[in-house]
Amino acid sequence: MNWRLIDSGPCDAAYNMALDEAIAISVRNGEAPPTLRLYEWEAPSVSLGSFQKVVDIDIEYCINNNIPVVRRPTGGRGILHGDELTYSFSARNEGDFSGGLLETYRRLSIAFQSALHQMGLNAAMKMERESGTNLTRNPLCFKSTSYGEISLDGRKLMGSAQKRWNDGFLQQGSIPYSIDYEKITSVFKTSTPTLQYSKQEIIGLKELIAGFDSGGFKEAIKSSFEKTFNITLADSHPSSQEQELALLLLSEKYQNPQWTQGTAKNIRSCNNSEISRKAL
């Protein structure tokens, strides 16, 4: 069975979100197979979870330092994207992914954990859910490790979040190569000094792997996905319809200040058929 692998390289922050959603719609419509997209960011950017409050970040600092702020279609908490590999994965709720949210997280994490093992890291996957008493209120994604996420010696290596529909899902995740701890502390508001961010909690792959090769890491991810799911990942590009749909979502949603602020009431959602028809 062939799935798609799309390596987009660095893109604008809002376009990254729009293209992820466009691909998810295409996959959910049955117009494309399960798709793994790998990409980067043209400039340091902040992404907020779909229900996260903008007050969690210092928006004035972001504006003054030319840091774009976007809202993801997926949940979770905020991420300062920079020197990293970001991924998205879209599939229908069937076959390997018919088991629901936690099982989907687990199966995808197995593939990424295997890739990190190939890179020489004895990364571990969290298999317990956080209880209400253990949940941190910190606005930064990398401040805590959730079910299915991967860490090394207690330090989180990647953060992921998911959006689910009746017919499919989109999972997005960030794997830092290096981390600007000072900038993270400036972007994300903290209520107490103990919530400051340091390499005791989050760390990039370049700090762990001597002579880290990003191309080699992407190859490790590809081979791990192929082995984990017994499929072939075929190098591909977004279809022309997906690109048109991404531009539509870009203008109507991800460049809309109301969507970013979380105040929009009538922003078009990812409900497949209506958006797809408008993009044709």
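Here is what the cut-offs are and how they apply
Residues numbered from 1 in each chain as written. Predicted model: local features only at pLDDT ≥ 70, side-chain atom pairs only at ≥ 80, totals over all residues. Heavy atoms only, no water. Axes fitted to C-alpha atoms, helices over the stretch in contact; angles between N-to-C directions. Helix = DSSP H or I, 4+ residues; strand = E, 2+ residues; numbered from the N terminus. Parallel < 35°, antiparallel > 145°, perpendicular 65-115°, else oblique. Left-handed = near helix turned anticlockwise from the far one by under 90°. Contact = heavy atoms within 4.5 Å. Nonpolar A, V, L, I, M, F, W, Y, C, P; charged D, E, K, R; others polar. Expected span 1.5 Å × (residues − 1). Buried < 20%, exposed > 50% of the residue type's maximum accessible area, 1.4 Å probe, protein only. Salt bridge = Lys/Arg side-chain N within 4 Å of Asp/Glu carboxyl O.

**What to know about the packing of helix H1 (residues 13–28) against helix H7 (residues 240–254)**
- Across the interface, H1 lies against H7 with an axial gap of 8 Å and an inter-helix angle of 125°. On the basis of the axis angle, H1 is oblique to H7. Viewed along their axes, H1 and H7 form a crossing whose handedness is right-handed. Across the interface between the two elements, Ala14, Tyr15, Met17, Ala18, Leu19, Glu21, Ala22, Ile23, Ile25 and Ser26 from H1 touch Glu242, Leu245, Ala246, Leu247, Leu249, Leu250, Lys253 and Tyr254 from H7.
- Here the residues of the contact of H1 with H7 are counted per class, giving 14 nonpolar, 1 polar and 3 charged.

**Some remarks on helix H3 (residues 101–118)**
- In a regular helix each residue adds 1.5 Å, so 18 residues correspond to 26 Å; H3 covers 26 Å between its end C-alpha atoms and thus fits that length.
- For H3, the set of buried residues is Thr104, Tyr105, Leu108, Ser109, Ala111, Phe112, Gln113, Ala115 and Leu116.
- Residue Gly120 follows H3 closely and has a positive phi angle near 90°.

**Overview of the pattern of salt bridges**
- Tallying each qualifying case throughout the model produces 12 salt bridges.
- Of the charged contacts in the structure, one is a salt bridge between Lys253 and Glu21, with a shortest N-O distance of 3.1 Å. Placement of Lys253 in helix H7 and of Glu21 in helix H1 is noted, with a sequence separation of 232 residues between them.
- Judged by relative accessible area, which is 5%, Lys253 ranks as buried.
- With a shortest N-O distance of 2.7 Å, Glu103 and Arg106 are connected by a salt bridge. Placement of both Glu103 and Arg106 in helix H3 is noted, with a separation of 3 residues, approximately one turn of the helix.

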